[in-house]
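# Reading the structure
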Amino acid sequence: MADPLIDILIPAYNAESTIREAIDSLRGQTIAAIRIVVVDDGSTDGTGRILAEMASQDPRIVVLTQPNGGITAALNHGVSQCRAPFIARLDADDLAAPDRLERQFGYMTAHPDCIALSGSGRHIDAQGHPTGGRVRAALIDRADPSWLPAREPYLPQPFLMMRRAAFDRVGGYRSLTVAEDSDLCWRLQEVGTILNLPEDFGAYRVHAHSISSASIRNGRSMAFWSQMAAVSARRRRSGQPDLAFSADELRRCAQAVSLEDFLHAGATVLSADERSWLALAMGMKLVALAFYRPFELDNADCGFIRRALRDPSVAVRAENRAEMADHLMGTATRLAIHGRFGDALGLVSPARYPVLLGRISFRLALPQGVREMFKRLVGRAQPA
């Protein structure tokens, strides 16, 4: 086979129910000069058998295997075997639109300053049915590593295409447990134009077994590592030594459960000001994740966020503070509806307690007795 124009990289772990459909969405692309590089990351189900069968039918499919090492190890293994000038990504449970690669390749060919791009797509459920939701594509020009939580220059990974030369220039994927994609986007932004096109490039599968949706612990891990990537970006952009994300740090964080655990295990190399910023940023990132993931903050998470909000060393811009207050109000409303009044009151300022009560009453038509109990709690929590 002639050298491909585009290598499409797919990490796969126990993906027997979706991998065939994902690969078929690439085999039917309107641009044929592609190679599909699939890394089987130690699957224990039928993924390997399906991949072997498909590779025997299409010489463009290359299957690599490794012991289970996680997504970053799988991606780096796959990249080491890619040779095309462009690398695209797809996850093992997502689908590419038939002309996705042709449209992306055409744009990047016409815009040589563009080193990476992605875009939007529709949400599908575990069975492949549309949910009515859509992938949210970030506005890259609003990216800000000092916002709380960081506004990331995020390119949705299932629809990513990038120039191999730029990927190599920034050092590729680094060994973060998760948020390796966010870390890559920060570094790509520093060497060229990256953007999300206002186009649909496929379907993104939303289900409870995805890495960031599986548990609240995974949500905390995502919150920590995504904000550490932002700290890393802040350091580079201010001329300070970059973070290294050492193997020891990764091992310590692998044992972390709570937000406090992650902060103590993974932030030992940070300055006091960086640690204070990180604590509030990761707390607010968890708040954002819980808005659309199937988990909720627990009592310890709420306590961690309360303490971080009270840290006077963290400077927060007025616009940022207002946005944080809105997000915390949404979380407090959900918690109160489920009877967690103490946690709810701890996340909003006393001046906004009446707003919280109004939102709860509107959402749940609370019985009079419950409303009176909540008012008494509000009264006791008000400062003297």
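Residues numbered from 1 in each chain as written. Predicted model: local features only at pLDDT ≥ 70, side-chain atom pairs only at ≥ 80, totals over all residues. Heavy atoms only, no water.

As recorded in an unreviewed UniProt entry, the protein goes by the name Glycosyltransferase, listed as coming from Gluconacetobacter takamatsuzukensis. Regarding the protein, the relevant UniProt record gives this comment under Sequence similarities (unreviewed entry): "Belongs to the glycosyltransferase 2 family." (UniProt positions renumbered as here; feature names shortened; annotations may be inferred.)

Time to look at the overall build of the protein. Counting its regular elements, the protein contains 15 helices and 9 strands. By the compact-globule yardstick of 21 Å for 384 residues, the protein fits well, its C-alpha radius of gyration being 22 Å. Expressed as a percentage of its 384 residues, the buried residues of the protein come to 52%. Relative to all contacts within the protein whose residues are 6 or more apart in sequence, the contacts with residues 24 or more apart total 76%. A total of about 16600 Å² of accessible surface is found on the protein, and carbon and sulfur atoms cover 55% of it. Of the side chains in the protein, 45 bear a positive and 43 a negative charge, and the two mean positions are spaced by 6 Å. (Helix = DSSP H or I, 4+ residues; strand = E, 2+ residues; numbered from the N terminus. Rg over C-alpha atoms; globule rule 2.2 N^0.38 Å. Buried < 20%, exposed > 50% of the residue type's maximum accessible area, 1.4 Å probe, protein only. Contact = heavy atoms within 4.5 Å. Areas by Shrake-Rupley, 256 points an atom, 1.4 Å probe, with all protein chains shown as cover. Lys, Arg positive; Asp, Glu negative; His and termini not counted. Charge placed at Lys NZ, Arg CZ, Asp CG, Glu CD.)

Under the defined criterion, the tally for this structure stands at 5 aromatic pairs. Seen in terms of ring centroids, F224 and W225 are 4.9 Å apart; in terms of plane orientation they differ by 75 degrees. Their pairing is edge-to-face. Neither residue differs from the other here; F224 and W225 are each classed as buried. Pairwise contacts between aromatic rings join F224, W225, F245 and F262 into one cluster. R136 extends its terminal NZ or CZ atom over the ring of Y292, reaching a point 4.5 Å from the ring centre. Its end group placed over the ring of W277, R234 keeps NZ or CZ at 4.6 Å from the ring centre. (Phe/Tyr/Trp six-rings, centres within 6.5 Å; stacked < 30°, edge-to-face > 60°. Lys NZ or Arg CZ within 6 Å of the ring centre and 35° of its normal.)

What follows concerns the UniProt feature "domain: Glycosyltransferase 2-like" (unreviewed entry) in the protein. Per the UniProt record, "domain: Glycosyltransferase 2-like" (unreviewed entry) is annotated on residues 8-170. Between the end C-alpha atoms of residues 8-170 the distance is 19 Å, and the span holds 28% helix and 27% strand.

Another aspect to go through is the nonpolar core. In this structure, W225, L278 and M282 are the most contacted members of the largest nonpolar core, which totals 60 residues. Listing elements by their share of this core, those giving two or more residues are α7 (216-237), α8 (247-254), α9 (259-266), α10 (272-292), α11 (299-309), α12 (318-337), α13 (341-346) and α14 (353-364). Considering every element that reaches this core, the biggest residue donor is α10, with 11 residues. Two domains share this core, each providing at least three of its residues, namely domain 1 (6-205) and domain 2 (219-376). With sequence-adjacent residues up to four places away left out, W225 is seen in contact with L176, T177, V178, A179, F245, E249, L250 and C253. (Core = buried A, V, L, I, M, F, W, Y, C linked by side-chain atoms within 4.5 Å. Domains from an automatic or database assignment.)

Looking now at the environment of L101. Along the chain, L101 turns up in helix α4 (residues 100-110). Beyond its immediate stretch of four places on either side in the chain, L101 contacts I6, I8, L26, Q29, I31, I34, A88 and M161.

It is worth spelling out the pairing of strand β7 (residues 130-134) at this point. Across 2 bridges, the pairing between strand β6 (residues 114-124) and β7 is antiparallel. Residue R122 lies in a different strand from β7, and its bridge partner there is R134. The antiparallel pairing of β6 with β7 creates a hairpin that spans 5 residues between the two strands, and G128 there sits at a positive phi of about 90 degrees. (Pairing = 2+ DSSP bridges.)

Under the counting rule described, the total for this entry stands at 30 salt bridges. Across the salt bridge formed by R174 and D183, the nearest N and O atoms sit 2.8 Å from each other. A salt bridge links R334 to E296; the nearest nitrogen and oxygen atoms lie 2.8 Å apart. A residue pair is termed long-range when its members are at least 10 positions apart, and R334 in helix α12 and E296 in the loop between α10 and α11 qualify at 38 residues. Each member of the salt-bridge network shares a partner with another, and the members are R174, D183, R187, E190, R236, R237 and D242. (Salt bridge = Lys/Arg side-chain N within 4 Å of Asp/Glu carboxyl O.)

The next thing to look at is the domain arrangement of the protein. When the domains of the protein are assigned, the result is domain 1 (6-205) and domain 2 (219-376). Look at where the C-alpha atoms of domain 1 and domain 2 centre, and you get two points 29 Å apart. On the domain 2 side, the residues contacting the 23 residues of domain 1 number 31 residues. For the pairing of domain 1 and domain 2, the buried interface totals around 2300 Å² over both sides, and the portion due to carbon and sulfur atoms is 54%. Three residues stand out in domain 1 for area buried against domain 2, namely W147, L148 and P149, and they jointly supply 30% of the buried area on that side. One can count 7 salt bridges joining domain 1 with domain 2. Close ionic contact of K285 with E152 constitutes a salt bridge, the shortest N to O distance being 2.9 Å. Counting every contact that joins domain 1 to domain 2 gives 14 residue pairs in polar contact (both at pLDDT 80 or more). Element by element, the count of residues in the side of domain 1 that touches domain 2 is highest for helix α6 (residues 180-189), at 4 residues. (Buried area = accessible area lost by both parts, 1.4 Å probe. Polar contact = N/O pair within 3.5 Å; in protein donor to acceptor, adjacent residues only side chain to side chain.)

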